[in-house]
Amino acid sequence: MKNGKPKSDKKNVLNKDTLIKSFFLILSSSLLGLSILWGKVYSIETLIGTFLIIVVLLAVFYRDLTRYKPEIRQNYTQIFLIVLLLSSNLLLGRTFYYILEGFTEWLGTIDPSLPVYAIPLATGSMLAALLIDIHAAILFTVITSLIAGLWLNSPLYSIFTFVGGLTAAFSVVRCKKRSAIWRAGLSVGIVSMFTSFIISLLSANLFNADMLVSMIAAFMNGMIVAVFVSALLPLFEHFFKLTTDISLLELLDLNHPLLHELLVEAPGTYHHSVVVGNLVETAAEAVGVNPLLARVSAYYHDIGKVKMPEYFIENQVGPLSMHDKLTPRMSSMILIGHIKEGVEMAKKHKLPNSIIDIMQQHHGTSVQTYFYERAKEQQEKSAPQISRDDFRYPGPKPQTRVAALVLMADAVEAASRVLSDPTPTRVSALVEKIINHCFIDGQLDNCELTLKDIREIKVSFVYMLTSIYHKRIDYPGFQLNNEDTPKEPAKTQAY
């Protein structure tokens, strides 16, 4: 615009963004420089050179990370997490170095240069893999190993740190239990021990006490890493509100208070959630998103229904519906309310923000068509025109691919229950109709699903629903005559 206001706002945003990133750069460079130069006196040239090297390494790190994860540019919490991991990892290593140095001087029989193999620098790499992703962990390991070599003025130690860090990162890629951290630590210890043997071979320092000490120290490295990661991981998860696969698996425990309450108070909704979980997990694997997050989100997406379970058709046991005596607008408000109720329950039980967001988005801004049409039928001619917006869910629309999967699976599973003869052809037509409606209605506009992803999701849903609702054979002696068959209750539209 000509008045320049939008341009000024953009300039302010850029200035704020630049200031914050500059602060993180200065903070991390200062802390990393302190970890390298701690305890020694250097010339001003050495101080400036060390600082500039660190700035270059961090700039390369940030550039590559933003190329791989562009969204991190505005995620200051994650930038601070990376700065904290890098700085604390090196400072922890430096502290360990002085402890081990003092211990060897006290013993007087061990070369002070050997216990450096016990310094647990792989701790940061393992935490980065668990808290961020494997790509960030690899970059983290590269930077840490280069700085460690600069710190001890030893290229061989850079190799040792690099190998141990990569082992730590890749050992927890599929980490599903906290006990797996100890297996990862054992892997780090064994690989580090073998690497120290190779370094001894390169140094022509074989089959003597020094080689044995370095290999023992390298093995202990892995055990120390496991101790620190086990202790620090819950703290990082809590303070940075992060969700790892380990914490997600703990939420799948059927003894969790929310799942247990859902099973007891709303068994129909519980079964619906389990089926939706099966659908989204398979679809998530097909499109390359976290299947565990998808399943857990599906399990909890409808927990708000436990407040008024009888108003949701999957929990109704009699032929009469609770909505028969309510106005369509009131029925709509009750159904919409399960989202707000669920979010409040999730926050009370401290569920991860990623799951709470999906709970808010799993209906998007879709219209409750049944109650909207019912309101139009009951509307008097003199009354003002009824708006579709009065029967919309508050949203927002799905912001992630996992949220979009839960939205589509929720709608598909509910609609599939009304199929009288669920043949593969009819299931496929139903899935096609539901997902196309979500797409046309704009519910998938804000997520990152491609047309190829949507095609894969359709195939996955059809396969799972066909498997669930497959036709069964008639067992001899169990056929029911017409007079033995109980009368079906009046069919009610799924809410």
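Position labels on residues start from 1 in each chain and follow its written sequence. Totals for whole chains, interfaces and linings use all residues, but because this is a predicted model, local features are given only for residues with pLDDT of at least 70 and pairs of side-chain atoms are given and counted only at 80 or more. Remark: hydrogens and water are excluded; side-chain values derive from all non-hydrogen atoms of the structure.

Considering the overall build of the chain
Link 1 in the chain: If you tally the helices and strands in the chain, you get 18 helices and 0 strands.
Link 2 in the chain: Relative accessible area decides the class of each residue, using a 1.4 Å probe on protein chains only: under 20% of the type maximum gives buried, over 50% gives exposed, and in between gives partly exposed. Here the chain, with 495 residues, has 45% of them falling under the buried criterion.
Link 3 in the chain: Contact between two residues is taken to exist if any of their heavy atoms lie within 4.5 Å; hydrogens are not considered. Within the chain, counting contacts between residues at least 6 apart in sequence, those at least 24 apart form 75% of the total. Helix and strand definitions follow DSSP, with helices as H or I runs of at least four residues and strands as E runs of at least two, each counted in order from the N terminus.

Here's the deal with helix 12 (residues 291–300)
Link 1 in the chain: Counting buried residues in helix 12 gives 9 out of 10 residues, a clear majority hidden from the surface.
Link 2 in the chain: Among the residues making up helix 12, those that are buried are L292, L293, A294, R295, V296, S297, A298, Y299 and Y300.
Link 3 in the chain: Buried residues along helix 12 sit in contact with helix 9 (245–251), helix 10 (257–265), helix 11 (267–287), helix 14 (353–361) and helix 16 (401–416).

Quick look at the side chain of T123
Link 1 in the chain: Residue placement: T123 occurs in helix 4 (residues 122–131).
Link 2 in the chain: Judged by its relative accessible area of 2%, T123 is buried.
Link 3 in the chain: Sequence-distant contacts of T123, defined by excluding residues within four places in its chain, comprise N89, V225, F228, V229 and L232.

Thoughts on the pattern of salt bridges
Link 1 in the chain: In what follows, salt bridge is the name for a side-chain nitrogen of Lys or Arg lying within 4 Å of a carboxyl oxygen of Asp or Glu. Tallying each qualifying case throughout the model produces 12 salt bridges.
Link 2 in the chain: Across the pair R295 and E281 runs a salt bridge, and its minimum N-O distance is 2.6 Å. In this pair, R295 sits in helix 12 while E281 sits in helix 11, placing the two residues 14 residues apart along the sequence.
Link 3 in the chain: In this structure, K305 and E314 form a salt bridge, with 2.9 Å as the shortest nitrogen-oxygen distance.

What to know about the environment of K340
Link 1 in the chain: As for its placement among the helices and strands, K340 is situated in helix 13 (residues 328–348).
Link 2 in the chain: The exposure class of K340 is exposed, given its relative accessible area of 58%.
Link 3 in the chain: Considering only alpha carbons, one finds K340 and Q360, 20 residues apart in sequence, at a separation of 7.7 Å.

Things to note about unusual backbone geometry
Link 1 in the chain: Between G395 and P396 the backbone carries a cis peptide bond, its omega angle lying at 10 degrees.
Link 2 in the chain: With respect to the helices and strands, P396 occurs in the loop between helix 15 (369–378) and helix 16.
Link 3 in the chain: Phi at K241 is positive, roughly 55 degrees, even though this residue is not glycine.
Link 4 in the chain: Assignment of secondary structure puts K241 in the loop between helix 8 (209–239) and helix 9.
Link 5 in the chain: You can call K241 exposed: its relative accessible area is 55%.
Link 6 in the chain: The phi dihedral of K350 falls on the positive side, at around 60 degrees, and the residue is not glycine.
Link 7 in the chain: Relative to the elements of secondary structure, K350 occurs in the loop between helix 13 and helix 14.
Link 8 in the chain: Residue K350 is classed as exposed on the basis of its relative accessible area, which comes to 71%.

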